Amino acid sequence: NAMPSTSNAGSNQTICTTTATLNANNPTVGTGAWSVISGGGIITATANPNSAVNSIPVGTNIFMWTISNGVCPASTSTVSVNVSAMPTIANAGINQTICASTTIFNANNPSIGNGTWSLVSGGGTVTSVNSYSSSVNSLPVGINIFKWTITNGTCPASTSTVSINVSAIPTTANAGANQTICSTTTTLNANNPSVGNGTWSLVSGGGTITSINSYSSSVTSLPVGINIFKWTITNGTCPASTSTVSIKVDAMPSISNAGPNQIHCAVSTTTLAANNPSVGTGAWSVISGGGIITATTNPNSAVTNLSVGTNIFMWTITNGTCPASTSTVSIN
């Protein structure tokens, strides 16, 4: 008998399927036959050098191609068919909205295959590209997209993306200068935020804000007294910036009544008789003639050194920024 052809079982294969085609040499001398050495698989045509193999399990499977001829020693060689399992389906974790340049990913830990992070858009430095829970640093403000890719052998990769939305710190709030007014209406004067959105709210007192998101909103129906409003600027998940402003509303002063006119004969002293204001503060002043007012804020002040003739005195009641109320009395 002639020596059989030298066996060549073909190139090793790495696949992602349960079916493969073997690729041994076709012997010119002798007859070939396939056999399973380890692993598994069903050879559909054992004598065919290009036989199909079905039902190949995941892992390494060894097949032998044996060429024999009569009593001569057989020639053998083996081929490895490595079947990869489909990788775990990737899940990059829930999207995040943060107020920091650093965060931690929360992807799934693959049970099959290996994961790798990559930057899709935006920015950021992944500290451990193969860790499902890697930290990421140097994130810029805005939306940053990262991809979690799980691969295994020749199988198609599974991918998933996650969005890291980084909010900027809001503009520092400034509710504007405190106001003292004599009106039920005024205009607020906060700063217009360059980063974030502003909102007015009532802290104490009263008043109706006509446009709560406008830094220069008007406010109406202000009651008398001190009314506190807060200007809050927010942006995403960042801590809000707040500032307050006081709107003090003065009441209109009591209506002045300087008392009845007086006529005297050869006296230089008398007592004034104005009303005692319930709102505001009164003060006497000499308009014409003469006389010394002994207690200018006393509605019943004495007045001395009156001149002969007509002496006019004014009783003025004031309260904060409101217009004063005045009246006069004549001492003849």
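In this report, we go over the structure that sits alongside the text. Because the structure is predicted, anything quoted here is derived from the model rather than measured.

In terms of helices and strands, the protein carries zero helices and 27 strands. Computed over its C-alpha atoms, the radius of gyration of the protein comes to 49 Å, more than 25% above the 20 Å expected for a compact globule of 332 residues. Expressed as lengths along the three principal axes of its C-alpha atoms, the size of the protein is roughly 170 × 25 × 20 Å. Looking at the protein as a whole, 39% of its 332 residues are labelled buried. Partitioning the contacts of the protein with sequence separation of at least 6, the portion at a separation of at least 24 is 57%. Here the protein has roughly 16300 Å² of accessible surface; of this, 51% comes from carbon and sulfur atoms.

A few words on the environment of T127. For T127, the location among the structural elements is in the loop between β11 (125-126) and β12 (135-137). What T127 contacts, discounting residues up to four positions off in sequence, is S134, S135 and N137. At 2.8 Å, the side chain of T127 forms a polar contact with the side chain of S135.

Turning next to unusual backbone geometry. Even without a glycine there, the phi angle at S138 is positive, about 55°. Here S138 lies in the loop between β12 and β13 (142-151).

Taken as a whole, this structure holds three disulfides when the rule is applied. C99 shares a disulfide with C238; S-S distance 1.9 Å. Its torsion about the S-S bond being 100°, the disulfide of C99 and C238 is classed as right-handed. With a gap of 139 residues between them, C99 in the loop between β8 (96-98) and β9 (103-104) and C238 in the loop between β20 (225-234) and β21 (241-249) connect regions that are remote in the sequence. Residue classification places C99 among the partly exposed residues on the basis of a relative accessible area of 25%. Classification of C238 by relative accessible area gives buried; the value is 6%. The disulfide partner of C182 is C322, and the S-S distance across this bridge is 1.8 Å.

Reading across the sheet, the three strands line up as β16-β19-β18 and stay open at both edges, with antiparallel pairing between neighbours. Unpaired on one side and paired on the other, β16 (186-187) and β18 (208-209) mark the two borders of the sheet. With two bridges joining them, β18 and strand β19 (residues 218-220) adopt antiparallel strand pairing. Of the residues in β19, the one forming a bridge with I209 is V219.

So, on to the sheet that holds β20. Taken in spatial order, the four strands line up as β15-β21-β20-β17 in an open sheet, and their pairing is mixed. Sheet topology places β15 (179-181) and β17 (197-204) at the edges, where each strand pairs with a single neighbour. Within the sheet, the average angular offset between the axes of one strand and its neighbour, ignoring direction, is 25°. Note: β15 against β21, three bridges, orientation parallel. Bridge pairing in β21 places T180 opposite K248.

A word on the packing of aromatic side chains. What the rule picks out here adds up to six aromatic pairs. Between W34 and W65, the aromatic rings sit 4.9 Å apart at their centres with planes inclined by 40°, giving tilted as the arrangement. Of the two residues, W34 sits in strand β3 (residues 31-38) while W65 sits in strand β6 (residues 59-68), which places them 31 residues apart along the sequence. For the pair shown, W34 and W65 are each scored as buried.

A word on the pairing of β6. Bridge count between β3 and β6: seven bridges; the pairing is antiparallel. If you follow W34 over to β6, its bridge partner there is W65. Bridge analysis of β6 against strand β7 (residues 75-83) gives nine bridges, and the strand direction is antiparallel. If you follow T60 over to β7, its bridge partner there is N82.

Quick notes on the rules
- Residues numbered from 1 in each chain as written.
- Predicted model: local features only at pLDDT ≥ 70, side-chain atom pairs only at ≥ 80, totals over all residues.
- Heavy atoms only, no water.
- Helix = DSSP H or I, 4+ residues; strand = E, 2+ residues; numbered from the N terminus.
- Rg over C-alpha atoms; globule rule 2.2 N^0.38 Å.
- Buried < 20%, exposed > 50% of the residue type's maximum accessible area, 1.4 Å probe, protein only.
- Contact = heavy atoms within 4.5 Å.
- Areas by Shrake-Rupley, 256 points an atom, 1.4 Å probe, with all protein chains shown as cover.
- Polar contact = N/O pair within 3.5 Å; in protein donor to acceptor, adjacent residues only side chain to side chain.
- Disulfide = S-S within 2.5 Å.
- Pairing = 2+ DSSP bridges.
- Axes fitted to C-alpha atoms, helices over the stretch in contact; angles between N-to-C directions.
- Phe/Tyr/Trp six-rings, centres within 6.5 Å; stacked < 30°, edge-to-face > 60°.

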